[in-house]
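Chain residues, written in single-letter form:
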Amino acid sequence: MTALTRTVLAALFVFAPMGAIAGPAEEANAVVERWSAAYSSNDPEAIATTYTPDAILLGTVSPIMSEGTDAIVKYFTPSKGSGNKNKLGERRTIVLGDNAVVIAGFYEFTRMQEGRPVPAPSRFTMLVVKRDGEWRIAHHHSSPHVQPKQ
C-alpha cells in the first residue's frame, strides 16, 4: 500500500463519520438556515417547502394565523421579487427529542420600501420536527424585536 493510499484511507476514516455526527440540534438549525436563505430569495414557494404541510405561522406582519402550505405561500407572496432579505442572529436551541427541536432567537429583516432598505429587527420561535426522515418547521412565531429603552 502506498503512502498516498494510506493517507486517503486515513482521511476517509476521519471524515466519513462527520455526516453521521449531526444530531437533532444541527439538523434543525440547518432548516432555519434554509428558511432564511429561502426568504432572502423572495420565492414564496421555496419558503413554504421549509414548513410541514400542516404548519402554523404567526407572521411578523400578520394579524392572523397562517395554517398549511397554501396559507404560508399566500403570507409570503407580497415579498415575491421584492429584494427583501433576512439575516439570522443570536439563537438558542432546545432539543425536545430525536424528532423535535425548538429554536428561539433574533433575526433582522431588511424590507424594501419605495426602493430603500428598511431594517426590521425581529425575534422568532420555531418548532422544527422530523417526519418521514425530513426536518421541517411545524410552528413559527415571529414578532418585532422590542428595542431596549435608552
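We now turn to the structure provided with this report. (Residues numbered from 1 in each chain as written. Predicted model: local features only at pLDDT ≥ 70, side-chain atom pairs only at ≥ 80, totals over all residues. Heavy atoms only, no water.)

Looking at the sheet that holds strand 1 (residues 51–58)
Sheet strands line up and pair through hydrogen bonds in the backbone, either parallel or antiparallel. With respect to topology, 6 strands assemble into an open sheet ordered 2-1-6-5-4-3, the strand pairing being mixed. Either end of the sheet is taken by a strand with one partner, and the two such strands are strand 2 (66–67) and strand 3 (85–97). Across 2 bridges, strand 1 lies against strand 2 in antiparallel orientation. Among the inter-strand pairings, Leu 57 is bridged to a residue of strand 2, identified as Ser 66. Lying on the sheet, helix 3 (residues 24–41) is in contact with strand 1, strand 3, strand 4 (100–113), strand 5 (116–131) and strand 6 (134–144); it crosses strand 3 at an angle near 155 degrees. Packed onto the sheet, helix 5 (residues 69–76) meets strand 1 and strand 2 and runs at close to 50 degrees relative to strand 1. (Pairing = 2+ DSSP bridges. Helix = DSSP H or I, 4+ residues; strand = E, 2+ residues; numbered from the N terminus. Contact = heavy atoms within 4.5 Å. Axes fitted to C-alpha atoms, helices over the stretch in contact; angles between N-to-C directions.)

A word on the pairing of strand 6
As paired strands, strand 1 and strand 6 are joined by 4 bridges and run parallel to one another. Considered in strand 6, the bridge of Tyr 51 is made with Ile 137. Where strand 5 and strand 6 come together, 10 bridges link them in antiparallel fashion. Within strand 6, the residue paired with Thr 125 across the bridge is His 141. The antiparallel hairpin formed by strand 5 and strand 6 contains 2 residues in its connecting segment, where Asp 132 sits at a positive phi of about 50 degrees.

Overview of the pattern of salt bridges
Scanning all chains against the criterion turns up 5 salt bridges. With a shortest N-O distance of 3.9 Å, Glu 45 and Lys 80 are connected by a salt bridge. Here the residue Glu 45 occupies a position in helix 4 (residues 44–48), and Lys 80 occupies one in the loop between helix 5 and strand 3, the gap between them amounting to 35 residues. With relative accessibility at 43%, the residue Glu 45 sits in the partly exposed group. Residue Lys 80 is classed as exposed on the basis of its relative accessible area, which comes to 52%. For the salt bridge of Arg 131 with Asp 54, the shortest nitrogen-to-oxygen distance reads 2.8 Å. Here Arg 131, found in strand 5, pairs with Asp 54, found in strand 1; they are 77 residues apart in sequence, far enough to count as distant. A residue is classified by how much of its surface remains accessible, and Asp 54, at 42% relative accessible area, is partly exposed. (Salt bridge = Lys/Arg side-chain N within 4 Å of Asp/Glu carboxyl O. Buried < 20%, exposed > 50% of the residue type's maximum accessible area, 1.4 Å probe, protein only.)

A word on the nonpolar core
Membership of the largest hydrophobic core comes to 26 residues, with the highest contact counts inside it found for Trp 35, Tyr 51, Phe 76, Met 126 and Val 128. The set of elements that each furnish at least two residues to this core consists of helix 3, helix 4, strand 1, helix 5, strand 4, strand 5 and strand 6. Among the elements that make up this core, the one with the highest residue count is helix 3 (6 residues). (Core = buried A, V, L, I, M, F, W, Y, C linked by side-chain atoms within 4.5 Å.)

So, the layout of surface pockets
In this structure, the largest pocket spans a volume of roughly 200 Å³. Lining the largest pocket are 16 residues, with Tyr 39, Val 61, Tyr 75, Phe 76 and Arg 111 positioned closest to its centre. Those elements that place two or more of their residues in the lining of the largest pocket are helix 3, helix 5, strand 4 and strand 6. Residue contributions to the lining of the largest pocket peak at 3 residues, all from strand 4. For the lining of the largest pocket, the per-class residue count stands at 9 nonpolar, 6 polar and 1 charged. (1 Å grid on protein atoms, 1.4 Å probe; cavity = no way out; pocket = protein on both sides within 12 Å on 5 of 7 lines; lining within 4 Å. Points joined across faces, edges and corners; volume = space filled by probe spheres on them. Nonpolar A, V, L, I, M, F, W, Y, C, P; charged D, E, K, R; others polar.)

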